[in-house]
Amino acid sequence: MKYYLIAGEASGDLHASHLIASLIKEDAEAQFRFFGGDNMQKAVGTRGVMVQHYKTLAYMGFIPVLLHLPTIMRGMKLCKEDILAWQPDCVIFVDYAGFNLKVAQFLRQQISKGFLHSKLYYFIAPKIWAWKEYRIKNFKRDIDEIFSILPFEKDFFEGKHHYPIHYVGNPTADEVREFKGSRVQEFKNSRVQEAYILLLPGSRRQEIKDNLPAMLEASAPFMKNFSIIIGGAPGIEPEYYTPFIKNKEGIKIEFGKTYDLLHCATAAIVTSGTATLETACFNVPQVVCYKTPVPKLMRWAFNHIIKCKYISLVNLIADKEVVQELFADRFSIENIREELRKILPGSPEREKMLADYKLVHERLGEECAPDNTARIIVSLLSSSQTN
């Protein structure tokens, strides 16, 4: 069968590459075309074609998107035309809501006119439970099936909006389990063990600029007993970090070793995002922080507009405050330092957090997300072709 995938950023490229590998296991005749990245290209091998790299379209924020709107629109036009020309059995959207939902709407119109006969699937749904909940109408109208990686999304889609979805497991939990099973012994044997605090300041330049200085200042008093290591983000050149660590003795930075570093970290300070869940999956106590502009306004918006109780995936999955969330008006060097102190060895807060992580692990389950998704997709497509 023919599969068309659309991923618009690094994390989507990674998760989509695992899904491609699982689809190949389920469907020996699988062929692919895709918008994505290097991981997807490696996964398809000779079975598919990259139509466009996500880096040509990966713009975040109002101003960057506005400045590059002609480029984005050209990419969207190419995507639509290529799908119509190739006539895949299904189109699989991977996160990247702003682009993907517009393409899905167009494709649904073409299906209704008889110009296309593809099934439209969504793997890793956008977080409309947090904001832009009105997009539920787009999913009900345009998407045939959603494959969710967050267990609490079933209550949102099915309970609140009466729209059935599949919870297939969580790719981050899959990846951590795979790492622990295959590479951890090698790492243990090769790395000099030391007590250290890990700083994960984000994957984008603005996140690093906003959060890393406070992380460094907050952790500085603990350097007598712990090393401080920064986990460098993929795609960010090492030179970008230089101004932040200049004249700071003893600060280390390592690239491409996030899981290695998490496995042996004593504690971590983490910018909100997928890294918070990765940190929990490695059972590393953490402080979650995120600097925002106009902090008091952001706190008001979170309390009155954003429709979720927490910002970290750890707390959202547990449905309770497992980790401290220091964002908006709670973001400060003093607060980060105090919460970090509480989760170092010997504190009751540390033991409580580790105990609460067990609830997160239980709710994530042990299902393999890409394998489950691939199995369901191939089954659905096979059934539709025989009917």
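This section reports on the structure supplied with the text.

Rules used in this analysis
Each chain has its residues counted from 1, following the order in which its sequence is written. The predicted origin of the model limits local features to residues at a pLDDT of at least 70 and limits the giving and counting of side-chain atom pairs to 80 or more, whereas totals for whole chains, interfaces and linings rest on all residues. Side-chain calculation: all heavy atoms of the structure are included, whereas hydrogens and water are not. The numbering of helices and of strands both runs from the N terminus, where a helix is a DSSP run of H or I of at least 4 residues and a strand a run of E of at least 2. The globule rule used here is 2.2 Å times the number of residues to the 0.38 power, and the radius of gyration it is set against is calculated over C-alpha atoms. Contacts are assigned to residue pairs with any non-hydrogen atoms lying within 4.5 Å of each other. To measure how exposed things are, a 1.4 Å probe is used in the Shrake-Rupley method; for residues, cover is taken only from the protein chains shown. Aromatic pairing here means that ring centres of Phe, Tyr or Trp (its six-membered ring) are within 6.5 Å. Orientation follows from the plane angle: under 30 degrees is stacked, over 60 is edge-to-face, and everything else is tilted. For every residue, the accessible area obtained with a 1.4 Å probe (protein chains only) is divided by the maximum for its type, and the residue is called buried under 20%, exposed over 50%, and partly exposed between those limits. Multiply 1.5 Å by the residue count of a helix minus one, and that product is the helix's expected span. By definition, the arc is the one covered by directions from the helix axis to the C-beta atoms.

On to the overall build of the protein, then. Counting its regular elements, the protein contains 18 helices and 13 strands. Whereas a compact globule of 387 residues would reach a radius of gyration of roughly 21 Å, the protein reaches 22 Å, a difference of no more than 12%. By its C-alpha atoms, the protein is 70 × 50 × 40 Å across when sized along the principal axes. Within the protein, contacts between residues separated by at least 24 positions form 67% of all contacts whose residues are at least 6 apart in sequence. For the protein, the accessible surface area stands at approximately 18200 Å², while carbon and sulfur atoms represent 55% of it.

What follows deals with the packing of aromatic side chains. In this structure the tally under the stated criterion is 17 aromatic pairs. Judged by centre distance (5.3 Å) and plane angle (55 degrees), the ring pair of Tyr-122 and Phe-139 falls under tilted. Of the two residues, Tyr-122 is situated in strand 5 (residues 119-123) and Phe-139 in helix 6 (residues 136-142); the sequence distance between them amounts to 17 residues. On the basis of relative accessible area, Tyr-122 is assigned to the buried category, the value being 0%. Judged by centre distance (4.9 Å) and plane angle (80 degrees), the rings of Trp-129 and Phe-152 are edge-to-face. Taken together, the positions of Trp-129 in the loop between strand 5 and helix 6 and Phe-152 in the loop between strand 6 (145-148) and helix 7 (153-160) put the pair 23 residues apart, joining distant regions of the chain. Exposure class is identical for Trp-129 and Phe-152. Each is buried.

Here the focus is helix 17 (residues 348-364). Note: α-helices contain 3.6 residues per turn, so residues at a spacing of three or four share the same orientation. A rise of 1.5 Å per residue sets the reference length of helix 17, with its 17 residues, at 24 Å; its end C-alpha atoms lie 25 Å apart and thus fit the reference within 8%. All of the buried residues in helix 17 are Arg-350, Met-353, Asp-356, Tyr-357, Val-360 and Leu-364. Buried residues of helix 17, viewed axially, fall in a sector of 130 degrees; they line one side. Exposed side chains of helix 17 directed beyond 90 degrees from the buried face belong to Pro-348, Lys-358 and Glu-362. A positive backbone phi angle near 75 degrees is found at Gly-365, which sits one or two residues after helix 17.

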